[in-house]
Amino acid sequence: MYVASKNRYENYSVRHAGKTGLMLPPISLGLWRNFGSADPLSERRNLILHAFDKGVFHFDNANHYGDGSTGFGTSEELLGQIIKNDLKPYRDELVISTKVGYEIHDGPYGIGTSRKSLLQGINDSLERLNLDYVDIYYAHRYDDKTPIEETVKALDDIVRSGKALYVGVSNYEVPELKQAIAMFQKLGTPFVLDQMSMNLLNNHVETSGLSKLLEDNGAGVIAYGPLCEGLLSDRYLNGITDSFKIHHTNSELLNDGPDALVAKLNKLNDIAKDRDQTLSQMSLAWLLKDPVVSSVIIGTTNNDHLDENLRALDNLDFSNDEISEINKLIK
């Protein structure tokens, strides 16, 4: 029987989602890849419980996550088993988030953010997660086939039904986010986060105006892909393999070719070494120096890798010289 570590909050810190009362650990665990029915439950259980023992109390999911076209939702099912069997006594400490909007089943309502898709989506997610409510429920993407008003009102109704405490959006750009925020404010919906692709090499959230828009409206950004599919680690310092698949949000990084990117990674790695950090640790710290960033969502299946990433929190300060040097490399 699992008993959580008594020291799990010994050195923990929290960050607020904007000006709201929602608190998150600086580093959260995402269950996007390698957390489906094809993956070993005992190993994933070990990782998730280890993360909780280390003060990671936010676990991010989506109904689309799993084993591809035959296994959508299996990531939620995996987490649901662990919640039911191990974490149920600690439910009030946890922040569990999930999303709806990408493909989940056949037919027109198996994708998108229509009212029908959202309302049946939350019910199905709660069943898979073995929960009565989630803490954050996201529209996973902007759906140009559904009026924003419909999506926003459905999210508001889900909160009022008690099935979610807060709502967020993901992959919303400035034009649609402006509209959604105005509607959320009119309804009094507890909108807290925009979950976006964000890393040391990709400052789109800042340059697009998303960061300022969220800050001005008391919300935060939560970063997915903060290590850029592993590019921001020591894995590719000697070269990027032909098999490497970059996320579409970061595809521009290869515009000058892989060799140019590898050279940049090595220069960034030298700065990290001078800070007594790994490239991964410095990359996470770089995002967390921005107060608008409420948390960064890492993806790992390895306890040691998790612990290494958590050590980024030991040094979140950057000197003016470091900031200037890094900006020259990334801008």
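Residues numbered from 1 in each chain as written. Predicted model: local features only at pLDDT ≥ 70, side-chain atom pairs only at ≥ 80, totals over all residues. Heavy atoms only, no water.

Enquirer: How would you explain the nonpolar core if you had to name every residue and give the values?
Expert: Ile48 and Phe59 are the most contacted members of the largest nonpolar core, which totals 101 residues. It is helix H9 (residues 279-288) that provides the largest number of residues to this core, a total of seven residues. Once residues within four sequence positions are removed from consideration, Ile48 is found in contact with Leu29, Leu31, Phe35, Phe59, Leu78, Leu79, Ile82 and Leu87. (Core = buried A, V, L, I, M, F, W, Y, C linked by side-chain atoms within 4.5 Å. Buried < 20%, exposed > 50% of the residue type's maximum accessible area, 1.4 Å probe, protein only. Helix = DSSP H or I, 4+ residues; strand = E, 2+ residues; numbered from the N terminus. Contact = heavy atoms within 4.5 Å.)

Enquirer: Hey, could you go over the packing of helix H4 (residues 148-160) against helix H5 (residues 174-187) for me, with residue numbers and the actual values?
Expert: Contact geometry of H4 with H5 gives a least axis separation of 10 Å together with a crossing angle of 40°. In terms of their interaxial angle, H4 and H5 are classed as oblique. When you trace H4 past H5, the crossing you get is right-handed. Touching Ile148, Glu149, Val152, Lys153, Leu155, Asp156 and Arg160 of H4 are Glu176, Gln179, Ala180, Met183, Phe184 and Leu187, all from H5. Residues of the contact of H4 with H5, tallied by class, amount to seven nonpolar, one polar and five charged. (Axes fitted to C-alpha atoms, helices over the stretch in contact; angles between N-to-C directions. Parallel < 35°, antiparallel > 145°, perpendicular 65-115°, else oblique. Left-handed = near helix turned anticlockwise from the far one by under 90°. Nonpolar A, V, L, I, M, F, W, Y, C, P; charged D, E, K, R; others polar.)

Enquirer: Outline the packing of helix H3 (residues 115-129) against H4, supporting the account with residue identities and numerical values.
Expert: Their axes nearest at 9 Å, the elements H3 and H4 cross at an angle of 25°. When the axis of H3 is compared with that of H4, the two are roughly parallel. When you trace H3 past H4, the crossing you get is right-handed. Counting all contacts with H3, which are made through Arg115, Leu118, Leu119 and Ile122, the residues of H4 involved are Glu150, Thr151, Lys153, Ala154, Leu155, Asp157 and Ile158.

Enquirer: Residue-level account of the pattern of salt bridges, with values.
Expert: Overall, the coordinates contain twelve salt bridges when judged by the stated rule. Notably, a salt bridge pairs Asp60 with Lys99, separated by 2.7 Å at the nearest N-O pair. You can see Asp60 sitting in strand S4 (residues 58-60) and its partner Lys99 sitting in strand S5 (residues 95-100), a full 39 residues away along the chain. The burial state of Asp60 is the same as that of Lys99; both residues are buried. The residue Lys212 makes a salt bridge to Asp216 at a minimum N-O spacing of 2.9 Å. Here Asp216 and Lys212 lie together in helix H7 (residues 210-216), a separation of four residues that amounts to about one turn. Salt bridges sharing common partners tie together Asp39, Glu43 and Arg44. (Salt bridge = Lys/Arg side-chain N within 4 Å of Asp/Glu carboxyl O.)

By themselves these figures say nothing about function.
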